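Breakdown of the fold
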Number of protein chains: 2
Amino acid sequence: MFETKRVKMYKITVVGSGNWGSVAAKLIASNTIKLDSFHDEVRMWVFEEKLPSGEKLTDVINKTNENVKYLPGIKLGKNVIADPDLENAVKDANMLVFVTPHQFMDGICKRLAGKIRADTEGISLIKGMEVTKEGPSMISTLVKKQLGINCSVLMGANIANEIAMEQFSEATVGYSQNKLAAERWVHLFNTPYFNVTAVQDVEGVELCGTLKNVVGIAAGFVDGLEMGNNTKAAIMRIGLKEMIAFSQMLFPSVKDSTYFESCGVADLITTCIGGRNRKIAEAFARNGGKRSFDELEAEMLQGQKLQGVLTAHEVHEVLSHRGLLHMFPLFSAVHAISTGQLPPSAIVKINNEKPRQVQLQSML
Amino acid sequence: MFETKRVKMYKITVVGSGNWGSVAAKLIASNTIKLDSFHDEVRMWVFEEKLPSGEKLTDVINKTNENVKYLPGIKLGKNVIADPDLENAVKDANMLVFVTPHQFMDGICKRLAGKIRADTEGISLIKGMEVTKEGPSMISTLVKKQLGINCSVLMGANIANEIAMEQFSEATVGYSQNKLAAERWVHLFNTPYFNVTAVQDVEGVELCGTLKNVVGIAAGFVDGLEMGNNTKAAIMRIGLKEMIAFSQMLFPSVKDSTYFESCGVADLITTCIGGRNRKIAEAFARNGGKRSFDELEAEMLQGQKLQGVLTAHEVHEVLSHRGLLHMFPLFSAVHAISTGQLPPSAIVKINNEKPRQVQLQSML
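What counts and how
- Residues numbered from 1 in each chain as written.
- Chains lettered and ligands numbered in written order.
- Predicted model: local features only at pLDDT ≥ 70, side-chain atom pairs only at ≥ 80, totals over all residues.
- Heavy atoms only, no water.
- UniProt positions renumbered as here; feature names shortened; annotations may be inferred.
- Helix = DSSP H or I, 4+ residues; strand = E, 2+ residues; numbered from the N terminus.
- Rg over C-alpha atoms; globule rule 2.2 N^0.38 Å.
- Buried < 20%, exposed > 50% of the residue type's maximum accessible area, 1.4 Å probe, protein only.
- Contact = heavy atoms within 4.5 Å.
- Areas by Shrake-Rupley, 256 points an atom, 1.4 Å probe, with all protein chains shown as cover.
- Lys, Arg positive; Asp, Glu negative; His and termini not counted.
- Charge placed at Lys NZ, Arg CZ, Asp CG, Glu CD.
- Buried area = accessible area lost by both parts, 1.4 Å probe.
- Salt bridge = Lys/Arg side-chain N within 4 Å of Asp/Glu carboxyl O.
- Polar contact = N/O pair within 3.5 Å; in protein donor to acceptor, adjacent residues only side chain to side chain.
- Pairing = 2+ DSSP bridges.
- Axes fitted to C-alpha atoms, helices over the stretch in contact; angles between N-to-C directions.

- Chain A is annotated in an unreviewed UniProt entry as Glycerol-3-phosphate dehydrogenase [NAD(+)] from Psophocarpus tetragonolobus.
- What the UniProt record of chain A gives under Catalytic activity (unreviewed entry) is the line "sn-glycerol 3-phosphate + NAD(+) = dihydroxyacetone phosphate + NADH + H(+)".
- What UniProt states about chain A under its Sequence similarities (unreviewed entry) heading is, verbatim, "Belongs to the NAD-dependent glycerol-3-phosphate dehydrogenase family."

Printed below as a string of structure tokens:
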């Protein structure tokens, strides 16, 4: 296969350079210098910023091999080259790694359309796609449509700083058709401390990264109510089942087995034990729902918006539109509680009706 | 169905009266007084003890409706009758709930053989069956063989004291053939705060309750090493996959979907967040493996033996016997670490080889 040809066929650009983007560049760069099929150099597009010192962020990264702003203290590898010019950064690449805040992706795709190599493969590490009434607007689909290239996704229980410190972790690559490309992504990301597995289920993997935040909110309510581990485990399990049922409603091809991968059960556990959706929801329940999510977010997250509350709202819209709220009691309760229609204690009084697999077709 | 006949057809005896047995009696008693198909009275066999006051435990339970020794402060229901005479306790019953320490079951079955009604259905709530080289000695199989009756199991994320306080929880009934009997068990146990689901997979459900303890040990090592949530979630996920693969190796009929039930992922989460296997393993890792499990158990559990370490040893015997250790890197590492052959840090250096489904047949 490609690894044995000893020809540097693949050239990588990481589009994005935040906390997770920098860790991704580090992981990739540690492999490209070892594996023969990849060019050593990893180009990283950096949205240029002026640092307090007056220096440009790209200059400092290229001088110190460190993203001093978003991943201080971690060497990225000498073969990571920061580039502030998006078009220039991608022009020679045939493997593009997208890892920006999701609201920037539409603009980035518009700028890149027609300017990338025809043989390019993409992968999105972006969690938090939007779900609209008409269905989810997946980042992988956006890339496919706007750039005309194949796009996989990589998701998992991935707290960037823990991976930067080389603590053992896992991730899942979701792909649609091109198994060889998926294996190439696995080779590019996999390290002894970062174990990557590929599954043919791009929609399932990408939806995990979004829906888990709704369950994280539910878990936070349980913590705020000071319920025990039994209750929390039950709520997480019901949430997992609703994630599967919701994904399969939107995409009947989504596989149950995807939820046994890192993107599924592992990311859910991380989110429900330590995530910030959980944390704010805990504070919300401790205050008996008397202080709004907006208020708590402003105070505890310095104005950042919680993904889980937005997603719960979007999921609610889809379910309400299709008359299926009763089949997703946990998702419905999270929305009702976070909007003040029900008290936090309603999370443990959800109807025991089980979500069933429903075909999108039969609902229209 | 039986509920609409308005005939009290079913009479229940709970064999066992420890912490979990008392909670089970409470759950059941709250339903038998409401549901027409069950006799109100729930008989509970109590291994007679003399209390410090000089009174007999059964007398106090029958006087106060409280198991003052094993579930103090909780009313069991006036319709729970404690009976110190095993044969007498079961003689009119046709639904037997087994909830004793597992080492007592062989003796209990021997005493009961030939003394129970022919139409009796059994259910085991006993976690911690043994796994021998020849395969697991399942409690449900023991009951079937020795008493000649059908036996289901009930497992789940069930910390007895939390359920006693009526905190929301779930459980799974595993059955082999008799779906109607399984539905009857669901009716008998299910309450608004204790949601019970039946699945046709008695082996899968019963094995969950044992194998989870091995993963709980692994999770404790991660905690003791002060790794982050990513790592812990990854270890839990790998453990879940090995639980599935090991169960399917022993019983090819075991279903993946069983692990999405309370007995699977939810009980695993509870065990890995709060359980005592986790706790002792954490202490073991904090001491760098320099103090043995025996020593830590003696100090922290007043001499009780940890189920997880025993099970890890039993699982190791099975895998070693079959030459399959390499396919279960986490189970193998837990055994090697707990016996001092590897340092605790080995838990996060496990080989990434994935456990695959193997057929028992192909291994013999």
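That was the structure; now back to the text.
**What to know about the overall build of chain A**
- Within chain A one finds 15 helices and ten strands.
- Expected size for 364 residues packed as a compact globule is a radius of gyration near 21 Å; at 21 Å, chain A falls within 12% of this value.
- In terms of its C-alpha atoms, chain A occupies a principal-axis envelope of roughly 60 × 50 × 35 Å.
- Residues classed as buried in chain A amount to 60% of the 364 residues present.
- Sequence-distant contacts, at least 24 apart, represent 73% of the contacts inside chain A between residues at least 6 apart.
- For chain A, the accessible surface area stands at approximately 13800 Å², while carbon and sulfur atoms represent 53% of it.
- Charged side chains in chain A number 40 positive and 39 negative. The centres of these two groups are separated by 1 Å.

**Some details on the interface of chain B and chain A**
- Contact residues are listed per partner, giving 41 residues for chain B and 41 residues for chain A.
- The three residues of chain B that bury the most area against chain A are Phe168(B), Asn230(B) and Phe260(B), which together make up 24% of that side's buried surface.
- On inspection of chain B and its partner chain A, the count reaches six salt bridges.
- For Arg237(B), the salt bridge goes to Glu261(A), with nearest N and O atoms at 3.6 Å.
- Run the count over chain B and chain A and you get 18 residue pairs in polar contact (both at pLDDT 80 or more).
- Those elements that provide at least two residues to the side of chain B that touches chain A are helix H6 (160-164), strand E9 (169-174), strand E10 (194-199), helix H9 (229-250) and helix H10 (262-274) of chain B.
- At twelve residues, the largest contribution of residues to the side of chain B that touches chain A is made by H9(B).

**A look at the UniProt feature "domain: Glycerol-3-phosphate dehydrogenase NAD-dependent N-terminal" (unreviewed entry) in chain A**
- Within the UniProt annotation, "domain: Glycerol-3-phosphate dehydrogenase NAD-dependent N-terminal" (unreviewed entry) is assigned to residues 11-180 of chain A.
- Split by type, residues 11-180 of chain A is 30% helix and 25% strand. Its first and last C-alpha atoms lie 16 Å apart.

**Considering the pattern of salt bridges**
Residue and element names in this part refer to chain B.
- Evaluation of the coordinates by the stated rule reveals 48 salt bridges over all chains.
- The partner of Lys-26 in a salt bridge is Glu-166, and the shortest N-O contact between them spans 2.7 Å. You can see Lys-26 sitting in helix H1 (residues 19-32) and its partner Glu-166 sitting in the loop between H6 and E9, a full 140 residues away along the chain.
- Its relative accessible area of 44% is what places Glu-166 among the partly exposed residues.
- Between Glu-55 and Lys-63 there is a salt bridge, with the nearest N and O atoms lying 2.6 Å from each other.
- Judged by relative accessible area, Lys-63 falls into the exposed class, the value being 58%.

**Thoughts on unusual backbone geometry**
- Notably, Glu226(A) is not glycine yet its phi reads approximately 55°, a positive angle.
- Here Glu226(A) shows up in the loop between helix H8 (202-224) and helix H9 (229-250).
- Here the phi dihedral of Asn65(B) falls at roughly 60°; this positive angle occurs in a residue that is not glycine.
- Positionally, Asn65(B) belongs in the loop between helix H2 (57-64) and strand E3 (80-83).
- Judged by its relative accessible area of 11%, Asn65(B) is buried.

**What about the sheet that holds strand E10 (residues 194-199) of chain A?**
Residues and elements named next belong to chain A.
- The eight strands are arranged E3-E2-E1-E4-E5-E8-E9-E10 in an open sheet whose pairing can be described as mixed. The sheet terminates laterally at strand E3 (80-83) and E10, the two strands that pair on one side only. Direction aside, neighbouring strands of the sheet carry axes that sit 25° apart on average.
- By the bridge criterion, three bridges tie strand E8 (residues 150-155) to strand E9 (residues 169-174) in an arrangement that is antiparallel. Looking at E9, one finds that Leu-154 is bridged to Val-173.
- Along the sheet face, helix H1 (residues 19-32) touches strand E1 (10-15), strand E2 (38-45), E3, strand E4 (95-98), E8 and E10 and points at about 165° away from the line of E2.
- Relative to the sheet, helix H2 (residues 57-64) contacts E2 and E3, its axis offset from that of E3 by approximately 165°.

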